[in-house]
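# Results of the structural survey
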Amino acid sequence: QVQLVESGGGLVQAGGSLTLSCAASGRIFSAMAWFRQAPGKEREFVVGMRWNDGVEYKYYGDSVKGRFTVSGDEANNTVYLQMNSLKPADTAVYYCAGTAYYTGTYYRIDDYDTWGQGTQVAVSS
């Protein structure tokens, strides 16, 4: 069974930190990403990374650059999201996504064919 399992969400005060984890099983993903969706808003790209011939590529959404860090383990197909300096605007359900077939872009929902169930992140002011 192909699946992505997220963990690490929770409630934190503004300025605090959280780390999310996403573990893949059943398939080797060449690209993985984190998206988020706040109530009443569209799902948006947060961070992504991919592996190609031993080279690691990382991508960041504009709203999280300098605050969030993506890291991962290609061998174990695990990706992490370190979130620092959290703001109330970061409150959302965070989803892990993956694909075995990199399309050439990394920020679109359609770039990924496998999704986790989501984990809630809430940032209080």
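So, here's what we can say about the structure. (Residues numbered from 1 in each chain as written. Predicted model: local features only at pLDDT ≥ 70, side-chain atom pairs only at ≥ 80, totals over all residues. Heavy atoms only, no water.)

Let's shift gears to the sheet that holds strand E3 (residues 18-25). Backbone-to-backbone hydrogen bonds join strands into a sheet, with any given pair of strands oriented parallel or antiparallel. Spatial strand order, E1-E3-E8-E7: 4 strands in an open sheet with antiparallel pairing. In this open sheet, the two edge strands, each paired with only one partner strand, are strand E1 (3-7) and strand E7 (68-73). With direction set aside, neighbouring strand axes in the sheet form an average angle of 15°. Where E7 lies against strand E8 (residues 78-83), 6 bridges are found, and the strand directions are antiparallel. Residue Ser71 lies in a different strand from E8, and its bridge partner there is Tyr80. (Pairing = 2+ DSSP bridges. Helix = DSSP H or I, 4+ residues; strand = E, 2+ residues; numbered from the N terminus. Axes fitted to C-alpha atoms, helices over the stretch in contact; angles between N-to-C directions.)

Another point: the pattern of salt bridges. Across all of its chains, the model carries 7 salt bridges by this definition. A salt bridge links Arg36 to Asp90, with the shortest nitrogen-to-oxygen separation between them at 2.9 Å. Highlighted residues: Arg36 in strand E4 (residues 31-37) and Asp90 in the loop between E8 and strand E9 (92-99), separated in sequence by 54 residues. Summarising the burial analysis for this pair, Arg36 and Asp90 share the class buried. One salt bridge in this structure joins Asp90 and Arg67, with 2.8 Å as the shortest N-O distance. Placement of the pair is Asp90 in the loop between E8 and E9 and Arg67 in the loop between strand E6 (55-60) and E7, with a sequence separation of 23 residues. Across the pair, exposure class does not vary: Asp90 and Arg67 are buried alike. Because the salt bridges share partners, they merge into one network encompassing Arg36, Glu44, Arg67 and Asp90. (Salt bridge = Lys/Arg side-chain N within 4 Å of Asp/Glu carboxyl O. Buried < 20%, exposed > 50% of the residue type's maximum accessible area, 1.4 Å probe, protein only.)

Another point: the nonpolar core. Met32, Trp34, Phe68, Leu81, Met83 and Tyr94 are the most contacted members of the largest nonpolar core, which has 26 residues in total. Only E3, E4, strand E5 (44-52), E7, E8, E9 and strand E11 (119-124) provide two or more residues apiece to this core. Leave out the neighbours within four places in its chain, and Met32 touches Leu4, Cys22, Ala24, Gly48, Met49, Trp51, Asn77, Val79, Cys96, Ala97, Gly98 and Tyr112. In terms of nonpolar packing, the next biggest core, distinct from the first, is built from 7 residues, Ala31, Ala33, Ala97 and Tyr112 among them. (Core = buried A, V, L, I, M, F, W, Y, C linked by side-chain atoms within 4.5 Å. Contact = heavy atoms within 4.5 Å.)

Moving on, we come to the environment of Ala97. Along the chain, the position of Ala97 falls in strand E9. Given the relative accessible area of 0%, Ala97 is considered buried. C-alpha of Ala97 to C-alpha of Asp53: the two residues are 44 residues apart in sequence and 21 Å apart in space. In this structure, Ala97 is in contact with Leu4, Ala31, Met32, Ala33, Phe35, Tyr112, Thr114 and Trp115, ignoring residues within four places of it in sequence.

From the geometry alone we can't say anything about function, so treat these as descriptive.
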